[in-house]
Amino acid sequence: MKIAFWCKEPNSLSLSAALAGIAYTTAVCFGQRSLVLHSGFNCHELESAFVEQSETLLIREELAYFYDSGIDLILNRLKFEGLGNTGIKEQMLELKKGLLYYLPGSSKSSREIYEDAFLEKGREALDLLEQMFGIVFIACGGDVDLEVNRLVFEMSDVLIVICEQLPSYNKALAEELFNIDKDKMYLVGMYDKESKYTVKNIRKELQIKKDSIGVIPYCIACRDALTDGSFISFMERNIKSTKKEKLFYFADEIKQATKKILRKAGLYEEKKD
């Protein structure tokens, strides 16, 4: 199963929050072995969420050990050498033992070399990753090459579109979505329930069915975790929050959104009494 997350803006924290939150919940709460990756060249927002770093170092210096690994290395090996499962596993960062993995991006090659390799071998790479991990969550930002995004959209079983609580943003989004013929699910990133521009307004504006939209609530602790590498420990502490706890609304909405996505992908059914 391949599930793509698309945001029309580059370097979107809403995209990172949605993909990281849904992937974690899918793996840990629903027991679905999952892999997370970014389809773009030199895109490292997810690394900021998953890998702790010193405040005094730039993220690429801190993550220098990724330079000779990641998706571009897999693509190049497929292109020139062939690649077995062992070679793929060596590129992974295990986030939750046996359940959740991250395939880093890399900036060793040039953008042109990477994008050419992805267009040639991306389909083969994503198919192999799906065979190994079950669910592959793919981040597609506004900074990703159009042809790369098109290939990912074409291969994906479900496309998750990131919305915002901004009418002008969603109006522009609707124009771009017109050309994307794909089964879609929508997530409102960094959602503030106190805003007058509610999820109901967004549903009406974009003509979205109720079961095809969810929200990722705004949470300052989540935002901090996405930028300092502590997202996994943040989720471990809070995903099982009870109604009396501060982050229950945040955790509950992420679980509800995850159910909708898995249901649309044919991977979840409500238990009947």
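The paragraphs below set out a description of the structure included in this document. (Residues numbered from 1 in each chain as written. Predicted model: local features only at pLDDT ≥ 70, side-chain atom pairs only at ≥ 80, totals over all residues. Heavy atoms only, no water.)

### Side note on the sheet that holds strand β7 (residues 184-191)
- Across the sheet, which stays open at both edges, the 8 strands sit in the order β3-β4-β2-β5-β1-β6-β7-β8 with mixed pairing between neighbours. At either margin of the open sheet sits one strand with a lone partner, and together these are β3 (93-96) and β8 (213-217). The sheet shows a mean angle of 25° between the axes of neighbouring strands, taken without regard to direction.
- Relative to strand β6 (residues 158-163), helix α8 (residues 167-177) is tilted by about 155°, and along the sheet it contacts β1 (2-6), β6 and β7. (Pairing = 2+ DSSP bridges. Helix = DSSP H or I, 4+ residues; strand = E, 2+ residues; numbered from the N terminus. Axes fitted to C-alpha atoms, helices over the stretch in contact; angles between N-to-C directions. Contact = heavy atoms within 4.5 Å.)

### Section: the packing of α8 against helix α9 (residues 199-206)
- Where α8 meets α9, the axes come as close as 10 Å, and the angle between the chain directions of the two elements is 30°. On the basis of the axis angle, α8 is roughly parallel to α9. Every pair of crossing elements has a handedness; the one defined by α8 and α9 is right-handed. Residues Pro167, Asn170, Lys171, Leu173 and Ala174 of α8 touch α9, and the partners they reach there are Ile202, Glu205 and Leu206.
- Looking at the contact of α8 with α9 residue by residue, the classes come out as 5 nonpolar, 1 polar and 2 charged. (Parallel < 35°, antiparallel > 145°, perpendicular 65-115°, else oblique. Left-handed = near helix turned anticlockwise from the far one by under 90°. Nonpolar A, V, L, I, M, F, W, Y, C, P; charged D, E, K, R; others polar.)

### Structural notes on the pattern of salt bridges
- A complete count under the given rule lists 10 salt bridges for this structure.
- With its nearest N and O atoms 2.9 Å apart, the salt bridge here joins aspartate 127 to lysine 2. Remark: lysine 2 occurs in strand β1 and aspartate 127 occurs in helix α6 (residues 111-133); sequence separation between them is 125 residues.
- Between lysine 8 and glutamate 9 there is a salt bridge, and its shortest N-O distance comes to 3.2 Å.
- A relative accessible area of 18% means that lysine 8 is categorised as buried.
- A single network of salt bridges, built from pairs that share partners, joins Lys2, Asp127 and Glu130. (Salt bridge = Lys/Arg side-chain N within 4 Å of Asp/Glu carboxyl O. Buried < 20%, exposed > 50% of the residue type's maximum accessible area, 1.4 Å probe, protein only.)

### A short note on the pairing of strand β4 (residues 100-103)
- Side chains Leu100 and Tyr102 project from β4 onto one buried face, and the interleaved Tyr101 and Leu103 project onto a second face that is buried too.
- As paired elements, strand β2 (residues 34-38) and β4 share 4 bridges and run parallel to each other. For serine 34, the partnering residue across the bridge sits in β4 and is leucine 100.
- From the end of β3 to the start of β4, which pair antiparallel, there are 3 residues, and glycine 98 there has a positive phi angle of about 75°.

### Quick notes on the pairing of β1
- Of all 5 residues that make up β1, 5 are buried, and the element is covered over most of its length.
- Covered by surrounding structure in β1 are Lys2, Ala4 and Trp6 together with Ile3 and Phe5, the residues of both alternating faces.
- Pairing of β1 with strand β5 (residues 135-140), which is carried by 5 bridges, proceeds in the parallel orientation. Note that in β5 the partner of alanine 4 across the bridge is isoleucine 138.
- Here β1 runs beside β6; their pairing, made up of 4 bridges, is parallel. Note that in β6 the partner of isoleucine 3 across the bridge is valine 158.

### Regarding the nonpolar core
- Ranked by size, the top nonpolar core spans 96 residues in total, and within it Phe5, Phe50, Leu129, Leu187 and Phe231 carry the most contacts.
- In contact with phenylalanine 231, not counting residues within four places along its chain, are Ala20, Gly21, Ala49, Phe50, Cys222, Ala225 and Leu226. (Core = buried A, V, L, I, M, F, W, Y, C linked by side-chain atoms within 4.5 Å.)

### Side note on helix α1 (residues 13-28)
- Helix length check: α1 (16 residues) gives 22 Å between terminal C-alpha atoms against 22 Å at 1.5 Å per residue, within 8%.
- The element α1 is extensively covered by neighbouring structure, given that 14 of its 16 residues are classed as buried.
- Here α1 starts with a cap whose side-chain oxygen sits 3.3 Å from the backbone nitrogen of serine 14, and that cap is serine 12. (Expected span 1.5 Å × (residues − 1). Polar contact = N/O pair within 3.5 Å; in protein donor to acceptor, adjacent residues only side chain to side chain.)

### Some thoughts on unusual backbone geometry
- Its identity is not glycine, yet asparagine 11 carries a phi of approximately 50°, on the positive side.
- Relative to the helices and strands, asparagine 11 resides in the loop between β1 and α1.
- Although it is not a glycine, methionine 190 adopts a positive phi angle of roughly 50°.
- Along the polypeptide, methionine 190 turns up in strand β7.

### Remarks on the environment of valine 152
- Counting through the fold element by element, valine 152 comes out in helix α7 (residues 146-155).
- Relative accessible area serves as the criterion here: at 0%, valine 152 is assigned to the buried category.
- Valine 152 sits 146 residues away from tryptophan 6 along the chain, and the two C-alpha atoms are 10.0 Å apart.
- Discounting chain neighbours no more than four positions away, the residues touching valine 152 are Ala4, Ser39, Phe118, Ile138 and Cys140.

Note that every value here comes from positions in space, so none of it alone points to a role or purpose.
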